[in-house]
Amino acid sequence: ATAAATAATPAASTQGHQRSRVGLGTTTAAAAEQQARSAHALGDVNFFPSTYKLPGEYHLFLETLRSKPGSTWIVKPVGSAQGKGIFLLTKLSQLAELKKDTRWDSRSAMLQTPDAEEEEQRPPEYIVQSYISNPLLIGGKKFDLRLYVLVTSYTPLKCWLYRQGFARFSNAFFSMSKETLSNNVIHLTNVAVQKTADGYDKSKGCKWLFTQLKKYLLTEYGEEAVTRMLAQIDNVFVQSLMAVQPVMIADKHCFEVYGFDIMLDVDLNPWLIEVNASPSLTADTPDDYRLKYGLLDDTFTIVDLEGRLTGKETRVGGYDLLWNDGPVCKPGLNTFEDATARQKRPNSNLGGNMTGREAAVQSTLRAAVVKPA
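Residues numbered from 1 in each chain as written. Predicted model: local features only at pLDDT ≥ 70, side-chain atom pairs only at ≥ 80, totals over all residues. Heavy atoms only, no water.

Undergrad: With reference to specific residues and values, describe the sheet that holds strand 2 (residues 73–77).
TA: The four strands are arranged 1-4-2-3 in an open sheet whose pairing can be described as antiparallel. Where the open sheet ends on each side, the last strands, each with one partner, are strand 1 (51–54) and strand 3 (87–89). The average undirected angle you get between the axes of adjacent strands in this sheet is 30°. Looking at chain direction, strand 1 and strand 4 (residues 126–130) are connected through four bridges and run antiparallel. Along strand 4, the bridge assignment pairs Leu-54 with Tyr-126. (Pairing = 2+ DSSP bridges. Helix = DSSP H or I, 4+ residues; strand = E, 2+ residues; numbered from the N terminus. Axes fitted to C-alpha atoms, helices over the stretch in contact; angles between N-to-C directions.)

Undergrad: Tell me about the environment of Val-128, and name the residues and values.
TA: Looking at where Val-128 falls in the secondary structure, it is placed in strand 4. Residues Val-128 and Ile-86, 42 residues apart in the sequence, show an inter-C-alpha distance of 9.9 Å. If we ignore the near neighbours within four places in the chain, the residues touching Val-128 are Ser-50, Thr-51, Tyr-52, Leu-54, Phe-61, Trp-73, Ile-74 and Val-75. (Contact = heavy atoms within 4.5 Å.)

Undergrad: Account for the pattern of salt bridges, with residues named and values stated.
TA: In the structure shown here, the tally under the stated rule is 10 salt bridges. Close ionic contact of Lys-292 with Asp-288 constitutes a salt bridge, the shortest N to O distance being 3.3 Å. With Lys-292 and Asp-288 both in helix 10 (residues 286–303), this residue pair falls four residues apart, about one helical turn. Per residue, the accessibility class of Lys-292 equals that of Asp-288, and both read buried. Members of the salt-bridge network, linked through shared partners, are Asp-144, Arg-146, Arg-168 and Asp-261. (Salt bridge = Lys/Arg side-chain N within 4 Å of Asp/Glu carboxyl O. Buried < 20%, exposed > 50% of the residue type's maximum accessible area, 1.4 Å probe, protein only.)

Undergrad: Break down a nonpolar patch on the surface for me, with residues and values.
TA: Residues Leu-281, Leu-296 and Phe-300 make up a contiguous nonpolar surface patch of about 240 Å² in total accessible area. Along the polypeptide, Phe-300 turns up in helix 10. On the basis of relative accessibility, which here comes to 37%, the residue Phe-300 falls in the partly exposed class. (Patch = residues over 30% accessible without salt bridge, like charges linked within 9 Å, V, L, I, M, F, W, Y side chains within 5 Å. Areas by Shrake-Rupley, 256 points an atom, 1.4 Å probe, with all protein chains shown as cover.)

Undergrad: Explain the packing of helix 8 (residues 210–221) against helix 9 (residues 223–244) to me, using residue names and the numbers behind them.
TA: At a closest axis distance of 7 Å, the pairing of helix 8 and helix 9 adopts a crossing angle of 135°. Comparing their axes, helix 9 and helix 8 come out oblique. Residues Phe-210, Lys-214, Leu-217, Leu-218 and Tyr-221 of helix 8 lie in contact with helix 9, whose contacting residues are Glu-223, Ala-225, Val-226, Met-229 and Leu-230. Here the contact of helix 8 with helix 9 is built from residues that sort into eight nonpolar, no polar and two charged. (Parallel < 35°, antiparallel > 145°, perpendicular 65-115°, else oblique. Nonpolar A, V, L, I, M, F, W, Y, C, P; charged D, E, K, R; others polar.)

Undergrad: Tell me what's going on with the packing of aromatic side chains, and back it up with residues and numbers.
TA: Across all of its chains, the model carries 11 aromatic pairs by this definition. Ring geometry for Phe-237 against Phe-260: centres 4.9 Å apart, planes inclined by 80°, an arrangement best described as edge-to-face. Residue Phe-237 is found in helix 9, and its partner Phe-260 is found in strand 10 (residues 256–264); the two are separated by 23 residues along the sequence. By relative accessible area, which is 1% here, Phe-260 ends up buried. Members of the aromatic cluster, joined through ring pairs, are Phe-143, Phe-169, Trp-208 and Tyr-216. Here the basic side chain of Lys-207 rests over the ring of Phe-166, its NZ or CZ set 4.2 Å away from the ring centre. (Phe/Tyr/Trp six-rings, centres within 6.5 Å; stacked < 30°, edge-to-face > 60°. Lys NZ or Arg CZ within 6 Å of the ring centre and 35° of its normal.)

Undergrad: Break down the environment of Thr-64 for me, with residues and values.
TA: Along the chain, the position of Thr-64 falls in helix 2 (residues 58–67). The sequence separation of Thr-64 and Tyr-52 amounts to 12 residues, and the corresponding C-alpha distance is 10.0 Å. Contacts of Thr-64, omitting those with residues within four sequence positions, involve Tyr-52 and Trp-73. Side-chain polar atoms of Thr-64 contact the side chain of Tyr-52, separated by 2.6 Å. (Polar contact = N/O pair within 3.5 Å; in protein donor to acceptor, adjacent residues only side chain to side chain.)

Undergrad: Go over helix 2, please, and point to the residues and values.
TA: Within helix 2, the full set of buried residues consists of Tyr-58, Phe-61, Leu-62, Thr-64 and Leu-65. Summarising the axial view, the buried residues of helix 2 lie within an arc of 165°, below the 170-degree limit, and thus occupy one face. Turned more than 90 degrees off the buried face of helix 2, the exposed positions are His-59, Glu-63, Arg-66 and Ser-67. (Arc of directions from axis to C-beta.)

Undergrad: Pulling in residues and values, what's your account of the pairing of strand 8 (residues 166–173)?
TA: Most of strand 8 is tucked away: six of the eight residues are buried. Here strand 8 runs beside strand 9 (residues 207–209); their pairing, made up of three bridges, is antiparallel. The partner of Arg-168 across the bridge, within strand 9, is Lys-207.

Here it is in structure tokens:
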């Protein structure tokens with residue numbers, strides 16, 4: 001489920017004991033519902049699996065389940081984390097335990113009178129999502145991607161894409177057989193789940209850096225296929241943020257780093273699984289530590305509490321400006337090109353070179369014009 005939040009850059013106006021403020025988020029439940037409805041409302045969205053929110057959309061889900069016998073769905077408790085309470089569903093009887101909660105039947109009345117006391121009596125909510133049953137496998141094992149986007153403004157939309165991310169792998173070979181559907185080690189890539197698997201090596205973890213994954217994919221599938229995949233992932237970022245843009249509070253003193261969870265299918269098509277407004281910054285390995293340290297360092301450089309940037313930068317450390325009230329093209333291109341030609345070369349470098357990240361930051365700061373007081 002998604003917890004979305006407002007964002008903007010605190011600039012030189014911040015005085016005295018300076019503090020940074022992350023976004024003012026909606027509740028996880030409300031944001032999850034908003035993402036599901038808004039994503040489909042865009043019309044040209046083909047990266048978001050069919051999603052329902054229970055118990056509110058139980059009857060809609062029931063109709064879909066009956067129309068697709070044998071389909072597999074993943075059920076996630078709203079507000080949970082680390083894979084807790086998640087299970088796969090293939091038949092309606094698996095919801096019987098949840099339906100025993102009598103509060104499901106009284107939900108309509110509670111929605112009409114959302115007082116504080118009645119809020120506490122609301123039934124637990126769940127997100128039910130069509131399960132990606134044909135994921136891309138490496139070595140026979142499932143994986144998903146965690147990628148980072150920094151939003152510094154929603155009105156207008158301005159977002160930065162971090163070049164580095166990681167792939168989280170399962171420790172077990174993937175299978176869709178009925179006997180394995182209850183095995184979360186096979187189907188969930190959360191590190192908290194994988195740590196419980198037999199043979200888990202804490203020193204190595206179960207992750208690849210995205211740069212490693214990109215090299216593997218280039219070797220296996222070629223540049224054309226991988227370039228197409230990366231462009232589709234960029235589209236996931238922008239359209240997802242545009243979907244929630246109308247409901248976000250435009251506070252210029254806020255920003256937000258989102259952790260996008262994306263899965264690739266066997267045809268290298270990306271599927272948005274969820275968006276996290278508070279992505280974990282816990283490091284499991286030295287590579288993980290370097291990634292997240294750099295992410296935080298570059299985030300605060302862009303937030304620019306000291307007012308050292310010009311506002312015209314398109315790269316800061318490991319971040320590239322992806323969208324600034326419109327697509328951003330790579331620096332140095334012919335500015336007289338038509339819009340179509342420019343969009344073919346967006347300022348996106350996902351999986352790009354991270355060497356010299358700190359030097360790039362220092363170069364940016366040296367070149368920036370100091371803003372007048």
